[in-house]
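Each chain, letter by letter, is given below.
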Amino acid sequence: QLQASGGGLVQAGGSLRLSCAASGRTFSYYNMGWFRQAPGKEREFVAAINWSGSSTYYADSVKGRFTISRDNAKSTVFLQMNSLKYEDTAVYYCAAGVGSFDSASFVKAGQYGHWGQGTQVTVSS
């Protein structure tokens, strides 16, 4: 089970840190991703990190502003979001997927078998 938190209302240029806590003792086996969905739009990939934390992936729209990390001892993945823009407004979902991912797999929602409930991020312009 995945529980996302940390969303809220922030002004453009501000920062937020999202957390996603996983239950169970196999968190370190899972590749983790963050996706988002804005009203009227499809869910899109934001960032991902492999099971060990040695590889990270980002959507072009957030590269240089967002940082994904994980703490396997705490079964938690984080998304540090800096220099937020109005267009970052969305519900953010964390996701977990087990197995061998190639680099192209990390950005695909269908590769992830477990999803959190989402946390709302609203950026005011």
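These figures come from a predicted structure and were not determined experimentally.

### Section: the overall build of the chain
- Along the chain, the regular secondary structure elements total 0 helices and 11 strands.
- Each helix and strand of the chain, placed in order from N terminus to C terminus, yields the pattern β-β-β-β-β-β-β-β-β-β-β.
- Taken over C-alpha atoms, the radius of gyration comes to 13 Å for the chain, in line with the 14 Å a tight globule of 125 residues would show.
- Referenced to the eigenvectors of the C-alpha coordinate spread, the extents of the chain come out at roughly 40 × 25 × 25 Å.

### Topic: the pairing of strand β4 (residues 30-37)
- The buried fraction of β4 is high, at 7 of 8 residues.
- Here β4 pairs with strand β9 (residues 90-98) via 8 bridges, running antiparallel. Opposite Asn31, over in β9, you have Gly97 as the bridge partner.
- One ladder, built from 5 bridges, connects β4 with strand β5 (residues 44-49); its direction is antiparallel. Bridge pairing in β5 places Phe35 opposite Phe45.

### Comments concerning the pattern of salt bridges
- Under the criterion given, the structure shown has 4 salt bridges.
- Note that Arg36 is salt-bridged to Glu44, the shortest N-O span being 2.6 Å.
- Overall, Glu44 belongs to the partly exposed group, its relative accessible area being 36%.
- Between Asp88 and Arg36 there is a salt bridge, and its shortest N-O distance comes to 2.9 Å. One end of the pair, Asp88, is in the loop between β8 (76-81) and β9; the other, Arg36, is in strand β4, and 52 residues separate them in sequence.
- Salt bridges sharing common partners tie together Arg36, Glu44, Arg65 and Asp88.

### A short note on the state of the cysteines
- Tallied over the entire structure, the rule returns 1 disulfide.
- Between the sulfur atoms of Cys20 and its disulfide partner Cys94 the distance amounts to 2.0 Å. Taking the sign of the S-S torsion, 60° for the link of Cys20 and Cys94, the bridge is right-handed. Taken together, the residues span a long stretch of sequence, with Cys20 in strand β3 (residues 16-22) and Cys94 in strand β9 at a distance of 74 residues.

Conventions we followed
- Residues numbered from 1 in each chain as written.
- Predicted model: local features only at pLDDT ≥ 70, side-chain atom pairs only at ≥ 80, totals over all residues.
- Heavy atoms only, no water.
- Helix = DSSP H or I, 4+ residues; strand = E, 2+ residues; numbered from the N terminus.
- Rg over C-alpha atoms; globule rule 2.2 N^0.38 Å.
- Buried < 20%, exposed > 50% of the residue type's maximum accessible area, 1.4 Å probe, protein only.
- Pairing = 2+ DSSP bridges.
- Salt bridge = Lys/Arg side-chain N within 4 Å of Asp/Glu carboxyl O.
- Disulfide = S-S within 2.5 Å.

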